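Residues per chain are reported as follows:
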Amino acid sequence: MYSDLSELLLHQYENADTSVQPVVPPAYISSNFSFTTVHDFRAALTDEFNHTLYSRGHNPNVSMLAAKLAAMEGTEECLLFSSGAAAVSVVITALLKSGDHVVCIQNPYAWSARIFTNILSRYGVSVTFSDASDSDALIKACKDNTRLIFLESPNSITFEVQDLRKIADFARKNHILTMIDNSYASPVFQNPHALGIDLVMHSASKYINGHSDIIAGVVCGSRKILEPVFRSEYLNYGAILHPHSAWLILRGLRTLEIRMKKSYETAIELVNFCKSRPEFEEVLWPFLPECKGYEIAKSQMSGCGALFSVVMAEKSRNKIERFCNALKLFKMAVSWGGYECLQFPVLASVPESVYNPENKRHRIVRLYAGLESPEILKNDIRNALNSLK
Ligand SMILES: *Cc1c(COP(=O)(O)O)cnc(C)c1O
């Protein structure tokens, strides 16, 4: 029995059981954290960066995940966001002001380009997009008011590679910030901060979580850059990661290294298989010697992901669609980096009236190999190709 229902419902039987020691850290699904003295409460209120006060700032599960990711990328700090798009938007908005200029690679992830073209353009920030495979051209595109160089290496449809050491070296000498979308390589295969890049961003919706059930974003960098971002835009926009998602990503991380190794092995098999098929005019993957960025990729990545593209030799839109429709295991969907194989035909994003058979990009089908055995994936591709006969 109880003496007061409200006390029962709100307060009783909730003491943490300290007699057990869970192997897995508990999920701290709590919006706020309490203090026993005004002194301690005041300290937290006046310095949220260094205290756990409210889950829009710090939360224990989010902090555990941030600490692991910062350690993996070799940075002092890491901020987590509700999506990769939020990670880019919040941090970039924090770093730029009216009158600044940005140099960005051509064709980054679409929503990364849009923060510059659709949103920051209204606040007086200008942008120059420059060939992602030409690091010298990216450097030449910088002006006196360039504040940021935004990179994505490799990029996730055509896999252009930038020379990170060279660009970072130039940027540091000229007091320009550098930020890279490192989602493709994951922190297992590429650590751009060690090469001099200031900020390393990930869509954790891809490899880092790895199970196609969470949307999340990451930015790693120095305390000097990220502490002011935390105290201002991070807290103000509130595009935070839910503690339950952070807890699940901590689980996903446990297999990150073995998933990346498997990805790399499967990619080698599938890329070589696709290269052997005359139906594909070209295969795009950074670790193929014939790819333009091969030498640089090898010098800055210790492995390569299982996301690659094939350029169909077939020029007929209908026939390319028939091939895509015939793939059974490769589900047609956006995203990648999960356990399941996927396909993204570029022509799905090209209106019929705009389709140009001579434009190689329009004939690209991006493939992602999941954790399936390479044999069944090769069979699926083989069967879909045979259906074209
Ligand atoms: C998916 C993706 C993003 C955006 O991340 P979200 O978590 O979907 O917001 C950014 N960059 C790359 C390379 C991506 O693949």
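Here the structure is a predicted model, which is why all the values come from computation and not from measurement.

Caption draft 1: Representation of the pattern of salt bridges within the structure. Under the defined criterion, the tally for this structure stands at 16 salt bridges. The residue Glu257 makes a salt bridge to Lys261 at a minimum N-O spacing of 3.4 Å. Of this pair, Glu257 and Lys261 both sit in helix α11 (residues 256-275), 4 residues apart, which is roughly one turn of the helix. Among the ionic pairs, Lys378 bridges to Glu375, the shortest N-O distance being 3.3 Å.

Caption draft 2: Spatial organisation of unusual backbone geometry. With an omega of -10°, the peptide bond between Ser153 and Pro154 qualifies as cis. Within the fold, Pro154 resides in the loop between β4 (146-152) and α7 (164-173). A positive phi angle, near 65°, is found at Ser186, a position not held by glycine. Mapped onto the secondary structure, Ser186 falls in helix α8 (residues 186-189). Of note, Ser212 is a non-glycine position whose phi angle comes to about 55°, a positive value. Relative to the elements of secondary structure, Ser212 occurs in the loop between β6 (199-203) and β7 (217-221). On the basis of relative accessibility, which here comes to 41%, the residue Ser212 falls in the partly exposed class.

Caption draft 3: Highlighting the packing of helix α4 (residues 84-95) against helix α5 (residues 110-119). Interhelical geometry of α4 versus α5 gives an angle of 35° and a closest axis separation of 10 Å. Crossing of α4 against α5: the hand is right-handed. Mapping the contact onto sequence places Val88, Ser89, Ile92 and Thr93 in α4 and Ser112, Ile115 and Phe116 in α5. Residue classes in the contact of α4 with α5 are distributed as 4 nonpolar, 3 polar and no charged.

Calculation notes
Residues numbered from 1 in each chain as written. Predicted model: local features only at pLDDT ≥ 70, side-chain atom pairs only at ≥ 80, totals over all residues. Heavy atoms only, no water. Salt bridge = Lys/Arg side-chain N within 4 Å of Asp/Glu carboxyl O. Helix = DSSP H or I, 4+ residues; strand = E, 2+ residues; numbered from the N terminus. Buried < 20%, exposed > 50% of the residue type's maximum accessible area, 1.4 Å probe, protein only. Axes fitted to C-alpha atoms, helices over the stretch in contact; angles between N-to-C directions. Left-handed = near helix turned anticlockwise from the far one by under 90°. Contact = heavy atoms within 4.5 Å. Nonpolar A, V, L, I, M, F, W, Y, C, P; charged D, E, K, R; others polar.

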